[in-house]
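Fold and geometry: a report
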Amino acid sequence: MPNHLLNQFRLEARIKALRCLEDARHKIYSIAGGAIDSNSIDAAVISTEQRIEFFRSPEFLAWVAAEKACQREIFWCKDVDKTQAAGDIFTFFFDWRANNCKFSPHQLEVIQAFLKKHKVDVPLEQGPQEVLRLWQQKEEG
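Now for a description of the structure that goes with this document.

Overview of the pattern of salt bridges
Opposite charge on two side chains permits pairing when their charged atoms draw close. All chains considered together, the criterion is met by two salt bridges. Two residues, Arg72 and Glu67, come together in a salt bridge whose shortest N-O distance is 2.8 Å. Under the relative-accessibility criterion, Glu67 is labelled buried at 8%. Between Arg133 and Glu130 there is a salt bridge, with the nearest N and O atoms lying 2.6 Å from each other. With Arg133 and Glu130 both in helix H7 (residues 127-140), this residue pair falls three residues apart, about one helical turn.

Structure (structure tokens):
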């Protein structure tokens, strides 16, 4: 496919994703009440059931499809359920990033510097798991 056609396709996909995002926003506000600029704390509250209703709505699913067409990654219901079940969202995501090699080289260097400061010597790629192990060990006493 020629570059100009590929660029046009990408632009159209992004425009569609923005339209679908707008529809999804309207849907979530219709479920939870409020609006993006309502400045109402009550409108910021949404129950688990309402959130699941939104995740299953045609508007949300259309937005997900549009984002995937733009080659963007979306988190699903099961991801939200997993993080809520884990209790500590920071630890859950840190562990997920460690297990899926999602730390940047700079972040790995920061982790390695932390470990060296605490006199722990492990290979760079094992640093995140070691930090998590030390954290959990400290939490357990």
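Overview of the nonpolar core
Counting residues in hydrophobic clusters, the biggest one holds 13 residues, and the most contacted among them are Phe54, Phe60, Trp63 and Val64. When contributions to this core are tallied by element, the ones reaching two or more residues are helix H1 (3-32), helix H2 (48-55) and helix H3 (58-69). Ranked by residue count, the leading element in this core is H1, at five residues. Setting aside its immediate chain neighbours within four residues, Phe60 contacts Ala24, Phe54 and Phe55.

Some points on the layout of surface pockets
By volume, the largest pocket is sized at about 250 Å³. In terms of lining residues, the largest pocket is bounded by Phe90, Thr91, Phe94, Phe114, His118, Val120, Val131, Leu132, Leu134, Trp135 and Lys138. Contributing elements (two or more residues each) for the lining of the largest pocket: helix H5 (89-99) and H7. Residue contributions to the lining of the largest pocket peak at five residues, all from H7.

Focus: helix H6 (residues 105-117)
With 13 residues, H6 should cover 18 Å at 1.5 Å per step; its first-to-last C-alpha distance of 18 Å lies within 8% of that length. Those residues of H6 not exposed but buried are Leu108, Ile111, Gln112 and Leu115. With its buried residues spanning 100° around the axis, H6 presents them on a single face. Facing away from the buried side of H6, by more than 90 degrees, are the exposed residues His106, Glu109 and Lys117.

Digging into the packing of H6 against H7
The N-to-C vectors of H6 and H7 enclose an angle of 50°; their axes lie 9 Å apart at closest approach. Classed by the angle they form, the pair H6 and H7 counts as oblique. In this structure, the crossing between H6 and H7 has a hand that is left-handed. Side by side, H6 and H7 meet where Leu108, Ile111, Gln112, Phe114 and Leu115 of the first sit next to Gly127, Pro128, Glu130, Val131 and Leu134 of the second. A breakdown of the residues in the contact of H6 with H7 according to their chemical character gives seven nonpolar, two polar and one charged.

Reading the values: the criteria
- Residues numbered from 1 in each chain as written.
- Predicted model: local features only at pLDDT ≥ 70, side-chain atom pairs only at ≥ 80, totals over all residues.
- Heavy atoms only, no water.
- Salt bridge = Lys/Arg side-chain N within 4 Å of Asp/Glu carboxyl O.
- Buried < 20%, exposed > 50% of the residue type's maximum accessible area, 1.4 Å probe, protein only.
- Helix = DSSP H or I, 4+ residues; strand = E, 2+ residues; numbered from the N terminus.
- Core = buried A, V, L, I, M, F, W, Y, C linked by side-chain atoms within 4.5 Å.
- Contact = heavy atoms within 4.5 Å.
- 1 Å grid on protein atoms, 1.4 Å probe; cavity = no way out; pocket = protein on both sides within 12 Å on 5 of 7 lines; lining within 4 Å.
- Points joined across faces, edges and corners; volume = space filled by probe spheres on them.
- Expected span 1.5 Å × (residues − 1).
- Arc of directions from axis to C-beta.
- Axes fitted to C-alpha atoms, helices over the stretch in contact; angles between N-to-C directions.
- Parallel < 35°, antiparallel > 145°, perpendicular 65-115°, else oblique.
- Left-handed = near helix turned anticlockwise from the far one by under 90°.
- Nonpolar A, V, L, I, M, F, W, Y, C, P; charged D, E, K, R; others polar.

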